[in-house]
Amino acid sequence: MISNILEKLKTGNITPEEYVEKTFERIKKVEEKVNAFVTLRNKEEVIKEVEEKVKSGGRLAGSLIAIKDAISTKGIRTTCSSLMLSDYVPPYDATVIEKLKKEGAVIIGKTNMDEFAMGSTTETSYFGPTRNPWDIDRTPGGSSGGSAAALAAGYVELALGSDTGGSIRAPAAFTATFGLKPSYGTVSRYGLIAYANSLEQIGPMAKNAEDLGILYSIISGEDWRDATTIKFSLEKEPYEIPVKGLRIGVLSDIMEMSDKVVKGSIENMINKFSSEGATIDYTKLGYAEYALPAYYIIAMSEASSNLARYDGVRYGFSKYNQGSWVEVYSKNRGEGFGKEVKRRILLGSFILSAGYYEQFYIRALKVRRLIKSNLDQLFSKYDVLLSPTMPILPPRLGEVINDPVKMYAMDINTVIANLSAIPALSMPAGFYNNLPIGVQMMGRYLSDSLLIGISIYMEKVTNLYDLTAPT
Amino acid sequence: MKVIVDDNLIKRLERLALIEIKDVEKEDLKKDLNEIIEFFNKIDELDLSKTEPLFHPIESGKLRNNVESPSLNREEALSNVKRKENGYIIGPSTVE
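Residues numbered from 1 in each chain as written. Chains lettered and ligands numbered in written order. Predicted model: local features only at pLDDT ≥ 70, side-chain atom pairs only at ≥ 80, totals over all residues. Heavy atoms only, no water.

- Looking at an unreviewed UniProt entry, chain B carries the name Aspartyl/glutamyl-tRNA(Asn/Gln) amidotransferase subunit C, with the source organism given as Candidatus Acidianus copahuensis.
- Its UniProt record gives chain B the following Sequence similarities (unreviewed entry) comment, quoted word for word: "Belongs to the GatC family."
- Reading the Subunit (unreviewed entry) entry of the UniProt record for chain B gives the comment "Heterotrimer of A, B and C subunits." (UniProt positions renumbered as here; feature names shortened; annotations may be inferred.)

- Going by the annotation in an unreviewed UniProt entry, the name recorded for chain A is Glutamyl-tRNA(Gln) amidotransferase subunit A, with Candidatus Acidianus copahuensis given as the source organism.
- According to UniProt, the comment filed for chain A under the heading Function (unreviewed entry) is "Allows the formation of correctly charged Gln-tRNA(Gln) through the transamidation of misacylated Glu-tRNA(Gln) in organisms which lack glutaminyl-tRNA synthetase. The reaction takes place in the presence of glutamine and ATP through an activated gamma-phospho-Glu-tRNA(Gln)."

This is the structure we're talking about:
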């Protein structure tokens, strides 16, 4: 728990040097297997910064944090795990980084991810896959797999990820950690390298719900540099909320699409909620099988537009410079992007092209409307909608990566929150053969603090928090 | 409308997306795109004639106040440019 480290640093129980040394020792021991980091900072620099920050204070004075490599960090290489940006050094900080620095947090490094966040296993990274600390033959999920692995491997207590269709929650579920996809517009996207604007949010990742809450309270808030942020600030840090009287709707259509062992673990969790006094009701999301294609149509369309900026001229991969604009662009983009990224840009270009725009893009947006309307109705009856976070156990490396449709199918439970702007939190529900299983709670728009508060209560019931994989 | 991803469509997409596709990539790509489009076709089953599209999940589009704010200087802004001269970016040629 981060409060323990803060206390030790403050009282001198542990020196900044000891804290950083211990962290780097742990990384040295297992990183060769796990590959959580794309860029790890120089140890001496980090020690110096922790020393300064402990003195200058703040709510995270001197705490180390791992940052997903899609979030811009001034002076620290930010690659999005792509060859396209492999030597890109941002000249500015993302708003969330400014906020963390102001509270005394120290970045230890940038974490591995699926290239441009396009993937669900962290295997599409140009820098090689991240492996799950709980089982080195399996993926940690993605796309924020490096951040989740850095937590589960016991490197750090805090991390940031980003979530476009489950990219925080999938890795949280697969590594027995906590992750929140915040309500859309509550966390600034300024400095987040864009994939799909209308879907994605930066969010906190941690090993327990309290730390998740602290991190969310720091990074959230309106930002004039991101026009999609709303007037919002947390009045106080999220606090424990007992579940007695809470009305929970279990999404049975989503449950039915999940593996038996996953379902079993979630049933177990439902019983715990029930014993604590929550009211349990089985309900249906509706349109569940349409959410996934609609999500991917929208995400790829937005991606094709966002990734048009990589021209190999102003920044990024720039091997070719001879010929016309079209030739230079096409060659640099053809070589600078990986397979999955190219697939999504090409499909996005196709969907938005004349003749197909109505058939695919507009129809997908209509499905989005139907899903949102259904959710509005469900939230008039329930405070929280519950389901497994992922329908399957963490897949083995190579198991889904060569079959795109199979990989996309993993996101069935998570894309709903991105399509409809609502918050969704994943917390550990249990294990099957030592493989983590996560439970997802979705809440009404802007009920992030409620979800965090419930998980602060429930983690004590399950006793599944502050877990480190025995790697 | 049934879509078949063939060499012609790949060629059109290369130009639209400005991504050069090497010959060795083509067969796999055609197969993948056909499968993904088939997966997209699922939404054809729904009658959506009375539903309005939802472009963005929340009301947004506010404007900030029209006041000056700090920005990057030229050196910072060009710090990642590979080919530059006198503070300008050198781009590919525009005339043959």
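## Brief notes about the layout of surface pockets
Here's step 1: A volume near 730 Å³ is recorded for the largest pocket.
Here's step 2: As for the largest pocket, its lining consists of 30 residues, and the residues nearest its centre are A:Tyr88, A:Tyr92, A:Tyr190, A:Gly191 and B:Leu72.
Here's step 3: In terms of residue class, the lining of the largest pocket is made up of 14 nonpolar, six polar and 10 charged. (1 Å grid on protein atoms, 1.4 Å probe; cavity = no way out; pocket = protein on both sides within 12 Å on 5 of 7 lines; lining within 4 Å. Points joined across faces, edges and corners; volume = space filled by probe spheres on them. Nonpolar A, V, L, I, M, F, W, Y, C, P; charged D, E, K, R; others polar.)

## Some words on the UniProt feature "active site" (unreviewed entry) in chain A
All names here are of chain A.
Here's step 1: Residues annotated in UniProt with the feature "active site" (unreviewed entry) correspond here to Lys68, Ser143 and Ser167. With the annotated positions falling across 100 residues, the maximum pairwise C-alpha distance of 10.8 Å places them together in a single cluster. Filtering the just-named annotated residues for those lining the largest cavity gives Ser143 and Ser167.
Here's step 2: If you trace the backbone, lysine 68 turns up in strand E2 (residues 64–68). (Helix = DSSP H or I, 4+ residues; strand = E, 2+ residues; numbered from the N terminus.)

## Looking at the interface of chain B and chain A
Here's step 1: Taken together, the 58 residues of chain B in the interface contact 79 residues of chain A.
Here's step 2: Contact between chain B and chain A buries roughly 6000 Å² in total, counting both sides, with carbon and sulfur atoms accounting for 67%.
Here's step 3: Where B:Asp28 meets A:Lys339, a salt bridge forms, and the shortest distance between an N and an O atom there is 3.9 Å.
Here's step 4: At the boundary of chain B and chain A, one finds 23 residue pairs in polar contact (both at pLDDT 80 or more).
Here's step 5: Elements with a contribution of two residues or more to the side of chain B that touches chain A: helix H1 (7–17) and helix H2 (23–40) of chain B.
Here's step 6: Residue contributions to the side of chain B that touches chain A peak at 10 residues, all from H2(B).
Here's step 7: Across the side of chain B that touches chain A, the residue classes tally to 28 nonpolar, 11 polar and 19 charged. (Contact = heavy atoms within 4.5 Å. Buried area = accessible area lost by both parts, 1.4 Å probe. Salt bridge = Lys/Arg side-chain N within 4 Å of Asp/Glu carboxyl O. Polar contact = N/O pair within 3.5 Å; in protein donor to acceptor, adjacent residues only side chain to side chain.)

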